[in-house]
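One-letter residues, chain by chain:
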Amino acid sequence: MDFIRISDSKIKVTLSQKDLDRYVSEGEGDRSSGSHGTLRAILREIRRETGFDATGERVLMQMFPGADGGCELFVTRLGKLPEDRPRERAALPAAPVPLRSAVFAFDRLSPLLSVCRQLAHVGYPHLSAVYYGDDRLWYLVLQERIPRDRPSPLSFAEEFGTRRRAAATLAYIKEHGTCVSGSDAVAALAALA
C-alpha cells in the first residue's frame, strides 16, 4: 500500500490486488459490518501509517481500478459529523465491487463490432477502449466486475475473439498500438455494426 498526501483533507492510496484481497477477507470475517468493516480497516491503516485521521468525520472515498487488479483510492475528509449523531453509528459508504480490466483480441473488425453491438444492447456501463496494434490485431479493453463463483459476464466475447492477459496486453498496446476509440468505444463502435 502506497500513500500520497494531496492536502490536509485528501490522500491518495494505491492498493495492490494482494492488499485488496487482504482487506476484503478481513471485512468478510466481520459479519456485523461487512464492507464497512473493510473500509474501516483501510482507514485505520491509513491513520497508522500517515497520521491522516478521519475519525468522527464524514468521508468521501473514490475508487478507481488499476490494470494489475489493484486500485487507487482517494479519501477526502468532508467535515465533522453532527454532534447529536453518535460516532459508532456513523455509516461509511459501501465499498464498490472491484473492477478489473479485460482485454480481447480480434483478427478482424467485424467480430469486434458484433461484441460492441451486444454489449451496447445489454447496457454495458463501464469504460471501454479499442486499439489497433502493430501486429494487425484489434484490441477491445473493457472493465468487468469480479464474479464470485460464476462465469464472467464478458465470457461471450470469447466466441468472437481471444481473451488476453490484461496487464501484459495493456503494456503492449500502449507502446505498439494506436487508440482508435477512447473511453466509450462500445457505444461508438456499436453504431457501426
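Structure shown above.
This report concerns the structure included in the present document. Remember, it's a predicted structure, so these values are computed and weren't measured experimentally.

## Topic: the packing of aromatic side chains
Under the criterion given, the structure shown has three aromatic pairs. Look at Phe 64 and Phe 74: their rings are 5.9 Å apart centre to centre, the planes differ by 80°, and that puts the pair in the edge-to-face class. Of this pair, Phe 64 sits in strand 3 (residues 57-65) while Phe 74 sits in strand 4 (residues 71-80), placing them 10 residues apart in sequence. Phe 74 sits in the buried class, given a relative accessible area of 17%. For the ring pair Tyr 132 and Trp 138, a centre distance of 4.6 Å and an interplane angle of 55° mean the geometry is tilted. Looking at Trp 138, the relative accessible area reads 18%, which means it is buried. The side chain of Arg 77 reaches across the aromatic face of Phe 52, ending 4.7 Å from its centre.

## Some points on the environment of Phe 64
Residue Phe 64 is classed as partly exposed on the basis of its relative accessible area of 41%. Between the C-alpha atom of Phe 64 and that of Thr 14, which follows or precedes it by 50 residues, the distance is 9.6 Å. In this structure Phe 64 touches Cys 71, Glu 72 and Phe 74, once residues within four positions along its chain are discounted.

## Describing helix 3 (residues 109-121)
Taking 1.5 Å per residue, 13 residues should reach 18 Å; helix 3 reaches 18 Å between its end C-alpha atoms and fits that length. Looking at the buried residues of helix 3, the elements they touch are strand 5 (99-106), strand 6 (129-133), strand 7 (138-145) and helix 5 (185-190).

## Some words on the sheet that holds strand 1 (residues 2-7)
Taken together, four strands build an open sheet; the order of strands is 1-2-4-3 and the sheet is antiparallel. Among the strands making up the open sheet, the edge pair consists of strand 1 and strand 3. Across the sheet, the mean angle from the axis of one strand to that of its neighbour is 20°, orientation sign disregarded.

Rules and cut-offs
- Residues numbered from 1 in each chain as written.
- Predicted model: local features only at pLDDT ≥ 70, side-chain atom pairs only at ≥ 80, totals over all residues.
- Heavy atoms only, no water.
- Phe/Tyr/Trp six-rings, centres within 6.5 Å; stacked < 30°, edge-to-face > 60°.
- Helix = DSSP H or I, 4+ residues; strand = E, 2+ residues; numbered from the N terminus.
- Buried < 20%, exposed > 50% of the residue type's maximum accessible area, 1.4 Å probe, protein only.
- Lys NZ or Arg CZ within 6 Å of the ring centre and 35° of its normal.
- Contact = heavy atoms within 4.5 Å.
- Expected span 1.5 Å × (residues − 1).
- Pairing = 2+ DSSP bridges.
- Axes fitted to C-alpha atoms, helices over the stretch in contact; angles between N-to-C directions.

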